[in-house]
Amino acid sequence: MDLNFNSTQPIYLQVANEIEEGILNGSFNAGTRIPSTTEISTTFHINPATVLKGMNLLVVKNLLVKHRGRGMFVTQNAKEKIKKERQNNFYQSKIIKIIREARELGFTEDDLIKLIKRGYQH
Amino acid sequence: MTEIKINDLNQVFNHQNVLKNINLEFKNKAIYGLLGNNGVGKSTLMNLMTERILPTSGYISINGHNIHNNDVALQQMYLLNEDDMYSPSLKVRQIFNLTNEIYGNFNFKFAKLLSKKFDLNLSLKFGKLSTGYRTICKIIVAFCVPVKYVLLDEPTLGLDANHRNLFYEALINTYSHNPRTFIISSHLINEISKLLNYVIFINNGKIILNNSIEIIMKNSFAITGSKDDVKQYTRNLNVIGKRNLGKLSTFYVYDHINNQTKSFNIKIEKMNLQRLLICLSNIGKEG
């Protein structure tokens, strides 16, 4: 897990995103404990309240569950849920941006499709 | 709840109004950044809060009790600043013991652990320590005294990158185990901003900004695009700074923005705390 704070997102969202990323790439598997608030805040020099806010966001989304006194654990279908959510957001968060930039660069729709096809061949 | 309250505080030195009508509240168990350029009154404020100096007018209270000549209240605060209060002939170990005699309940265990981490030799005399290690010694004392309010005036003075790293870790560590109020002044804004709950920004002896970091960051934007577009988009917004590169402009805005950019070809990004404070301290200086 690495946090890059030059980004334009609030830090608690970055914390949440990084944990999601870790769940998605298999670093934090279903049923395992994720690092504690203190561990994360000490490692990245972030206020513990900020870290907790990011974690609570994931609790609300049912990706993490609190076990009193033992810490936060990854829920059973967390990975699937994250995938689903990211699939749903893919158009908004990625495609629209790519099309905007493609337009600025003078690419037509066909040009862009060709580029995407080229990407898939590699 | 115990709180520090500063009421209509004024401080005049040599006919100069160093602090002007300051009203502030410090909540319990939060980390405050007391920020501002050199000479704006941060150290003066910290000295007043611990009654190392007396105010020209106004007063400071803890939990409703004026701190003036109030040992019980003053015993709850500890100030670290560049003054060296210890005799140069005292060994580090003796400084820890002395602090224990004055404040009681000194956390020797944590002091030992930190000394090890920072590589501070407990048998060395304070006067023999380098600038950086004097700061480290004072940091360790500040983290191990059992007070409710820890005031740190430039705690990273003379510390190298590695030692600053250890300092931030130790701060989070001690705050997590024993949440209490920290009031920290620093010029290394980018390093410290993630640690803070609240930001108090002083300029020319006045409070310019006093809010939670979350709300501050929510209202801080950098808007970039062609000069005309940016001008048009920000016409009703609180613009606090501008940067122009030919016709490419970035306007810094401290305001509420709803992301309505459709009709404008502009880029809206977050502005970091350091940029915000630079903008705020330059307002009124340029034409």
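Residues numbered from 1 in each chain as written. Chains lettered and ligands numbered in written order. Predicted model: local features only at pLDDT ≥ 70, side-chain atom pairs only at ≥ 80, totals over all residues. Heavy atoms only, no water.

1. Some words on the packing of aromatic side chains
Selection criterion: Stacked, tilted and edge-to-face are the three classes assigned to paired rings of Phe, Tyr and Trp, where Trp is represented by its six-membered ring and a pair needs centres within 6.5 Å; plane angles under 30 degrees give stacked, over 60 edge-to-face, the rest tilted. Helix and strand labels come from DSSP, where a helix needs a run of H or I of at least four residues and a strand needs a run of E of at least two; each type is numbered from the N terminus. In this scheme, a residue with accessible area under 20% of its type's maximum is buried, one over 50% is exposed, and one in between is partly exposed, where area comes from a 1.4 Å probe on protein chains only. A ring has a charge above it when a Lys NZ or an Arg CZ is no more than 6 Å from the ring centre and no more than 35 degrees off the ring normal.
Tallied over the entire structure, the rule returns ten aromatic pairs over all chains. With a centroid separation of 4.9 Å and an interplanar angle of 20 degrees, the aromatic rings of Tyr32(B) and Tyr198(B) are classed as stacked. One end of the pair, Tyr32(B), is in strand E3 (residues 31-35); the other, Tyr198(B), is in strand E9 (residues 198-203), with 166 residues separating them in the sequence. A residue is classified by how much of its surface remains accessible, and Tyr198(B), at 22% relative accessible area, is partly exposed. Note on Tyr86(B) and Phe126(B): the rings are 5.5 Å apart at their centroids and 80 degrees apart in plane angle, and the pair reads as edge-to-face. Of this pair, Tyr86(B) sits in the loop between strand E6 (77-80) and helix H3 (92-103) while Phe126(B) is found in the loop between helix H4 (108-118) and helix H5 (131-144), placing the two residues 40 residues apart along the sequence. Judged by its relative accessible area of 12%, Tyr86(B) is buried. Chaining the aromatic ring pairs together yields one cluster made of Phe143(B), Phe167(B), Tyr168(B), Tyr175(B) and Phe182(B). In this structure, Lys53(A) packs its charged tip against the face of Tyr12(A), placed 4.1 Å from the ring centre. Over the aromatic face of Phe126(B) sits the side chain of Arg134(B), whose NZ or CZ is 5.8 Å from the ring centroid.

2. Quick notes on the packing of helix H2 (residues 37-44) of chain A against helix H3 (residues 48-60) of chain A
Residues and elements named next belong to chain A. The condition that has to hold: Whenever a helix is involved, its axis is fitted only over the stretch in contact; in every case the axis is a line through C-alpha atoms, and angles between N-to-C directions fall within 0 to 180 degrees. Oblique is the label for every angle not falling under 35 degrees (roughly parallel), over 145 degrees (roughly antiparallel), or within 65 to 115 degrees (roughly perpendicular). Should the near helix be turned anticlockwise from the far one by less than a right angle, the crossing is left-handed, and should it be turned clockwise, the crossing is right-handed. By definition in these notes, contact holds between two residues if any of their heavy atoms fall within 4.5 Å. Classes in brief: Ala, Val, Leu, Ile, Met, Phe, Trp, Tyr, Cys and Pro nonpolar; Asp, Glu, Lys and Arg charged; the others, Gly included, polar.
Orientation of H2 relative to H3, taken along the N-to-C sense of each, is 125 degrees, at an axis distance of 9 Å. Judged on the interaxial angle alone, H3 and H2 are oblique. When the axes of H2 and H3 are compared, the crossing they make is right-handed. Here H2 contributes Thr37, Ile40 and Ser41 to the contact with H3, which in turn contributes Pro48, Val51, Leu52 and Met55. Taken together, the residues that form the contact of H2 with H3 break down as five nonpolar, two polar and no charged.

3. Concerning the interface of chain A and chain B
Defined as follows: Buried area: the accessible area, evaluated with a 1.4 Å probe, that two parts lose upon being put together, summed over both parts. Salt bridges are defined by distance alone: a side-chain nitrogen of Lys or Arg within 4 Å of a carboxyl oxygen of Asp or Glu. Any pair of nitrogen or oxygen atoms within 3.5 Å is treated as a polar contact; in protein, a donor-acceptor pairing is required on top of that, and neighbouring residues in sequence qualify only through side-chain atoms on both sides.
Between chain A and chain B, the contact holds 15 residues from the first and 15 residues from the second. Summed over both sides, the interface of chain A with chain B buries roughly 1300 Å², with 57% coming from carbon and sulfur. Run the count over chain A and chain B and you get one salt bridge. For the salt bridge of Glu214(B) with Lys53(A), the shortest nitrogen-to-oxygen distance reads 2.2 Å. The interface formed by chain A and chain B holds six residue pairs in polar contact (both at pLDDT 80 or more) in total. Of all the elements in the fold, those that place two or more residues in the side of chain A that touches chain B are helix H1 (11-24), H2 and H3 of chain A. Here the element with the most residues in the side of chain A that touches chain B is H2(A); it accounts for four residues. Partitioning the side of chain A that touches chain B into residue classes produces seven nonpolar, six polar and two charged.

4. Thoughts on the UniProt feature "domain: HTH gntR-type" (unreviewed entry) in chain A
The test is simple: UniProt positions are given in the numbering used here, feature names are shortened, and annotations may be inferred rather than shown by experiment.
Listed under "domain: HTH gntR-type" (unreviewed entry) in the UniProt record, and renumbered for this structure, are residues 9-77 of chain A. The span residues 9-77 of chain A carries 51% helix and 12% strand; its end-to-end C-alpha distance comes to 26 Å.

5. Observations regarding the environment of Leu24(B)
Residue and element names in this part refer to chain B. Inspection of the secondary structure puts Leu24 in strand E2 (residues 16-26). Under the relative-accessibility criterion, Leu24 is labelled buried at 4%. Residues Leu24 and Ile53, 29 residues apart in the sequence, show an inter-C-alpha distance of 18 Å. With residues near it in sequence (within four places) discarded, Leu24 still touches Ile4, Lys5, Ile6, Leu45, Ile200, Ile207 and Asn210.

6. Examining the nonpolar core
Residue and element names in this part refer to chain B. Under the convention used in this document: By convention a nonpolar core is built from buried Ala, Val, Leu, Ile, Met, Phe, Trp, Tyr and Cys residues, the set being connected through side-chain atoms within 4.5 Å.
Judged by nonpolar contacts, the single largest core of 59 residues is most densely connected at Ile140, Phe143, Leu152, Phe182, Leu273 and Leu276. Broken down by element, the residue count for this core peaks at eight residues, all from H5. Excluding residues that lie within four positions of it along the chain, Phe182 makes contacts with Ala30, Ile31, Tyr32, Phe143, Val150, Leu152, Leu171, Thr174 and Tyr175. By size, the runner-up hydrophobic cluster in this structure holds 27 residues, among which are Ile6, Leu9, Ile62 and Ile67.

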